[in-house]
Amino acid sequence: MTNIDMPNIEEYVDVDAIGQYKRACSQWGRPVALWKYLNFSSCENGRTPMQWNDTPNAGFSTGTPWKRVNDNYS
């Protein structure tokens, strides 16, 4: 499994990541450089569904997972 790329703050649940985003926005506007850092270091990577196989939702669930499955699961 690789880290997931989350392109907007609305997908984050990680309180630290959200706080960093808000601080960066208040100082520099929309912080584009912060995304690379957050996508690498955020706890959100550990919250994504386990990828078991190449079936829908990576075989994690037949329902709707709480987090989006990484696009590269297949």
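Residues numbered from 1 in each chain as written. Predicted model: local features only at pLDDT ≥ 70, side-chain atom pairs only at ≥ 80, totals over all residues. Heavy atoms only, no water.

Outline the packing of aromatic side chains, supporting the account with residue identities and numerical values.
Counted by the stated rule, this structure contains three aromatic pairs. Ring centres of F60 and W66 lie 5.3 Å apart, and the angle between their planes is 80°; on these two criteria the pair is classed as edge-to-face. Judged by its relative accessible area of 61%, W66 is exposed. Taken together, the ring pairs connect Y12, Y21 and W35 into an aromatic cluster. (Phe/Tyr/Trp six-rings, centres within 6.5 Å; stacked < 30°, edge-to-face > 60°. Buried < 20%, exposed > 50% of the residue type's maximum accessible area, 1.4 Å probe, protein only.)

Describe the side chain of S42, with residues and values.
Residue position: S42 is located in the loop between α2 (32–41) and α3 (44–47). Residue classification places S42 among the buried residues on the basis of a relative accessible area of 8%. Of the polar contacts made by the side chain of S42, one reaches the backbone nitrogen of E44; its length is 3.1 Å. (Helix = DSSP H or I, 4+ residues; strand = E, 2+ residues; numbered from the N terminus. Polar contact = N/O pair within 3.5 Å; in protein donor to acceptor, adjacent residues only side chain to side chain.)

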